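# Analysis of the macromolecular model
Okay, here's what each chain looks like letter by letter:
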Amino acid sequence: MSDPSTDLDPIIHAPARLRIMTTLAESLDDGDEMTFQKLRSLLDMTAGNLTTHLSKLEDAGYVVIDKAFAGRKPVTYLTISPAGRAAFRSYRTALLKLLGG
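Since the model is a prediction, treat every value here as computed from it, not as a measurement.

## Some details on unusual backbone geometry
Even without glycine at this site, D44 takes up a positive phi of about 55°. Mapped onto the elements of the fold, D44 is located in the loop between α3 (36–43) and α4 (47–59).

## Focus: the sheet that holds strand β1 (residues 34–35)
Spatially, β1-β3-β2 is the arrangement adopted by the 3 strands of the open sheet, whose pairing is antiparallel. The outermost strands of the open sheet, each flanked by one partner alone, are β1 and β2 (63–70). Set on the sheet, α4 makes contact with β2 and β3 (73–80); between it and β2 the angle comes to about 120°.

## Digging into the pairing of β2
With 8 bridges joining them, β2 and β3 adopt antiparallel strand pairing. Along β3, the bridge assignment pairs V64 with T79. A loop of 2 residues connects β2 with β3, the two strands running antiparallel in sequence, and G71 in this loop sits at a positive phi of about 70°.

## Overview of the UniProt feature "domain: Winged helix DNA-binding" (unreviewed entry) in the protein chain
With numbering matched to this structure, UniProt assigns "domain: Winged helix DNA-binding" (unreviewed entry) to residues 17–98. As a span, residues 17–98 carries 60% helix and 22% strand, and end to end its C-alpha atoms are 19 Å apart.

## Topic: the pairing of β3
Inspection of the sheet shows β1 paired to β3 by 2 bridges, in the antiparallel sense. What sits directly across from M34, in β3, is L78.

## Describing the layout of surface pockets
The computed volume of the largest pocket comes to approximately 170 Å³. Around the largest pocket, the lining residues are T35, F36, Q37, K67, A68, F69, K73, P74, V75 and T76. Put simply, the parts of the chain that give the lining of the largest pocket at least two residues each are α3, β2 and β3. With 4 residues, β3 is the single largest residue contributor to the lining of the largest pocket. Considering only residue class, the lining of the largest pocket consists of 5 nonpolar, 3 polar and 2 charged.

## Description of the packing of α3 against α4
Closest axis-to-axis distance for the α3/α4 pair is 10 Å, and the angle between their directions is 110°. Overall, the two elements α3 and α4 adopt an arrangement that is roughly perpendicular. Two secondary-structure elements touch here, α3 through F36, L39, R40 and L43 and α4 through A47, L50, T51 and L54. For the contact of α3 with α4, the residue count by class is 6 nonpolar, 1 polar and 1 charged.

Rules used in this analysis
- Going along each chain's sequence as written, the residues are numbered from 1 onward.
- Owing to the predicted nature of the model, reporting of local features is limited to residues with pLDDT of at least 70; listing and counting of side-chain atom pairs is limited to 80 or more, with chain, interface and lining totals taken over all residues.
- Working from all heavy atoms in the structure, the side-chain values ignore hydrogens and water.
- Counting from the N terminus, the helices are the DSSP runs of H or I reaching at least four residues and the strands are the DSSP runs of E reaching at least two.
- Here a strand pair is declared whenever DSSP counts at least two bridges between the two strands.
- By definition in these notes, contact holds between two residues if any of their heavy atoms fall within 4.5 Å.
- Throughout, an axis means a line fitted to C-alpha atoms (over the contacting stretch in the case of helices), and angles, computed between N-to-C directions, take values from 0 to 180 degrees.
- UniProt positions are given in the numbering used here, feature names are shortened, and annotations may be inferred rather than shown by experiment.
- Put simply, the grid is 1 Å and covers the protein atoms alone, a cavity is a trapped set of points that fit a 1.4 Å probe, a pocket is an open set with protein on both sides within 12 Å along at least five of seven lines, and lining residues have an atom within 4 Å of a point.
- Grid points are joined across faces, edges and corners, and a volume is the space filled by probe spheres set on the points.
- For this scheme, ten residues count as nonpolar: Ala, Val, Leu, Ile, Met, Phe, Trp, Tyr, Cys and Pro. Four count as charged, namely Asp, Glu, Lys and Arg, and the remainder, Gly too, count as polar.
- Put simply, angles under 35 degrees are roughly parallel, angles over 145 are roughly antiparallel, angles from 65 to 115 are roughly perpendicular, and the rest are oblique.

Right under this line is the structure:
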């Protein structure tokens, strides 16, 4: 019998990244985006901490980060990628299996 905890994606498993992925997966439909500031506010994280974790998720292909301007002000938009959504679903399934649910 395999250990279900080995099915938990280590990129998502870090508590801050799990919070980020959960928020994006639950809040956004496919193709929708959220601003960095909105996500930061929802999660009550520092900008530096959020940036660090988003970089790891972006490197894994789980989130897409798009920098643009609103007028003259820079704005960062975030979206969960199709690969990120699939990885989150797999993570959630593995976690529920581990918890016996």
